[in-house]
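Structure assessment
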Amino acid sequence: MRLVPWKPDDLARRLDDVVAVYGEAMGYRSELLEARRGYIATHVRRSGFRAVATLTTSGHLVGFGYGYLSAPGQWWHDQVYNALPGDARKTWFTDCFEVVELHVRPAAQGHQLGARQLRALLGMAEGSTTLLSTPEADEQTSRAWRLYRRFGFVDVLRDFRFPGDERAFAVLGRDLPLTPPER
């Protein structure tokens, strides 16, 4: 396996593979995946866009992650910003890198690929804070939750419901840069 940085065109070229990994990792229905395809295609043009991919030696996509600078007018930014009190808005959104997606195919999970992707992505990120959202889950059994806690992410907003998704999500954040680097 090799971890590589991706430019916007790299992600756009592999959009079918990205959507497939996303679908496997999140367990979403096919109609939701088609909607995500359009969103992801527009995300590559956002300010501060950074991406990483984990590839097999033959080039098969096993995992990916990307993010960009969070800004007013972006759907996720506006949903979360409006749900927070004023002091939290200032703390988290003044200079924020948003981790939009971070996924590893379920069959490849448990081998530190997500941690390597997150470390690399946050190492490239602009901003003084970072935010992400993840489905609410048991923090002891969820690999994603254990990863985010290991990286020092704290609760920003819990049991939040995004329009169009029946699941509850948590919004987690941490300061940047990563110091010291997490293992």
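The coordinates are above.
Let me begin by describing the structure that accompanies this report. Everything numeric here is computed off the predicted structure, so don't read it as measured data.

Moving on, we come to the overall build of the chain. Assigned secondary structure in the chain consists of seven helices and seven strands. Ordering the α and β elements of the chain from the N terminus gives β-α-α-α-β-β-α-α-β-α-β-α-β-β. The C-alpha radius of gyration computed for the chain amounts to 15 Å, which stays within 12% of the reference 16 Å derived for 183 residues, consistent with globular compactness. When burial is assessed residue by residue, the chain has 49% of its 183 residues classed as buried. Sequence separation of 24 or more characterises 67% of the internal contacts of the chain that already satisfy a separation of 6 or more. For the chain, the computed accessible surface area is about 9,000 Å², with 51% contributed by carbon and sulfur atoms.

Looking now at the pairing of strand 7 (residues 169-175). Among the seven residues in strand 7, six count as buried, and that is most of the element. As paired elements, strand 5 (residues 129-135) and strand 7 share seven bridges and run antiparallel to each other. Counterpart to leucine 132 in the pairing with strand 7 is leucine 172. One ladder, built from four bridges, connects strand 6 (residues 154-160) with strand 7; its direction is antiparallel. Within strand 7, the position partnered with phenylalanine 160 by the bridge is phenylalanine 169.

Moving on, we get to the nonpolar core. Generally speaking, soluble globular proteins have nonpolar side chains that are buried together. Core analysis: the largest hydrophobic core is formed by 36 residues, its most contacted members being Trp6, Leu11, Leu61, Tyr66 and Leu131. Counting 19 residues, the second-largest nonpolar core is a separate cluster that includes Val52, Leu121, Ala170 and Leu176.

We now examine the side chain of glutamate 98. Along the chain, glutamate 98 falls in strand 4 (residues 96-104). Among the polar contacts made by the side chain of glutamate 98, one reaches the side chain of serine 70 at a distance of 3.2 Å. In contact with glutamate 98, other than residues within four places in its own chain, are Tyr66, Gly67, Tyr68, Ser70, Gln74, Trp76, His77 and Leu131.

Take the packing of aromatic side chains next. A complete count under the given rule lists eight aromatic pairs for this structure. Plain terms: the ring middles of tryptophan 75 and phenylalanine 162 are 5.6 Å apart, the flat faces sit at 35° to each other, and that makes the pair tilted. Of this pair, tryptophan 75 sits in helix 4 (residues 75-83) while phenylalanine 162 sits in the loop between strand 6 and strand 7; the two residues are 87 residues apart in sequence, bridging distant segments of the chain. Relative accessible area serves as the criterion here: at 46%, tryptophan 75 is assigned to the partly exposed category. Owing to a relative accessible area of 7%, phenylalanine 162 belongs among the buried residues under this scheme. Three or more aromatic residues joined by ring pairs form one cluster here, namely Trp75, Trp76, Phe160, Phe162 and Phe169.

Next up on the list: the sheet that holds strand 4. Overall, mixed pairing links the seven strands, which are arranged 1-2-3-4-5-7-6 in an open sheet. Only two strands of the sheet have a single neighbouring strand rather than two, namely strand 1 (2-6) and strand 6. Neighbour-to-neighbour, the strand axes of the sheet open up by a mean angle of 20°, direction not taken into account. Bridge count for strand 2 (residues 50-55) against strand 3 (residues 61-69) is six bridges, and the pairing is antiparallel. Counted as the bridge partner of valine 52 is glycine 65 from strand 3.

Along an α-helix, residues three or four apart share an orientation, since each turn contains 3.6 residues. The complete set of buried residues in helix 4 reads Trp76, His77 and Val80. Looking down the long axis of helix 4, one finds its buried residues gathered within 100° of arc, a one-sided arrangement.

For the rest of this paragraph, the subject is the packing of helix 6 (residues 113-124) against helix 7 (residues 143-150). Across the interface, helix 6 lies against helix 7 with an axial gap of 10 Å and an inter-helix angle of 40°. Relative to helix 7, helix 6 is oriented oblique. By crossing handedness, the relation of helix 6 to helix 7 is classed as right-handed. For the pair formed by helix 6 and helix 7, the contact residues are Gly114, Ala115 and Leu118 on the first element and Leu147, Tyr148 and Arg150 on the second. Of the residues belonging to the contact of helix 6 with helix 7, the class tally is four nonpolar, one polar and one charged.

Reading the values: rules and limits
Sequence order as written defines the numbering, with residues in each chain counted from 1. Reporting in this predicted model follows two pLDDT cut-offs: at least 70 for local features of residues, and 80 or more for side-chain atom pairs to be given and counted; totals over whole chains, interfaces and linings ignore these cut-offs and use all residues. To obtain the side-chain values, all non-hydrogen atoms of the structure were used and water was disregarded. Every helix listed is a DSSP run of H or I at least four residues long, and every strand listed is a run of E at least two residues long, numbered separately from the N terminus. Radius of gyration here uses only the C-alpha atoms, and the compact-globule reference equals 2.2 Å multiplied by the residue count raised to the power 0.38. Residue burial is assigned from relative accessible area. The probe radius is 1.4 Å, only protein chains are included, and a residue is buried under 20% of its type maximum, exposed over 50%, and partly exposed in between. Throughout, a residue-residue contact means that at least one pair of heavy atoms, one from each residue, lies within 4.5 Å. Here the Shrake-Rupley method, with its probe set to 1.4 Å, supplies the accessible areas, and only the displayed protein chains count as covering residues. Any two strands are treated as partners once DSSP identifies two or more bridges connecting them. In these notes, a set of buried Ala, Val, Leu, Ile, Met, Phe, Trp, Tyr and Cys residues joined through side-chain atoms within 4.5 Å is what counts as a nonpolar core. Identification of polar contacts relies on pairs of N or O atoms within 3.5 Å, with a donor-acceptor requirement for protein atoms, meaning one able to donate a hydrogen and the other able to accept it, and with residues adjacent in sequence counted only if both atoms are side-chain atoms. Note on ring pairs: Phe, Tyr and Trp rings are taken, using the six-membered ring of Trp, and paired if centres are within 6.5 Å. Classes follow the plane angle, with under 30 degrees stacked, over 60 edge-to-face and the rest tilted. Angles here are taken between N-to-C directions and fall from 0 to 180 degrees, while the axes themselves are lines fitted to C-alpha atoms, restricted in helices to the stretch in contact. To be clear, the arc concerns the directions from the helix axis to the C-beta atoms. We call two directions roughly parallel when the angle between them is under 35 degrees, roughly antiparallel when it is over 145, roughly perpendicular when it lies between 65 and 115, and oblique otherwise. Take the far helix as the reference: if the near one is turned anticlockwise from it by less than a right angle, the crossing is left-handed, and if turned clockwise, right-handed. Note that Gly is not counted as nonpolar here; it falls among the polar residues with everything else outside the nonpolar set of Ala, Val, Leu, Ile, Met, Phe, Trp, Tyr, Cys and Pro and the charged set of Asp, Glu, Lys and Arg.

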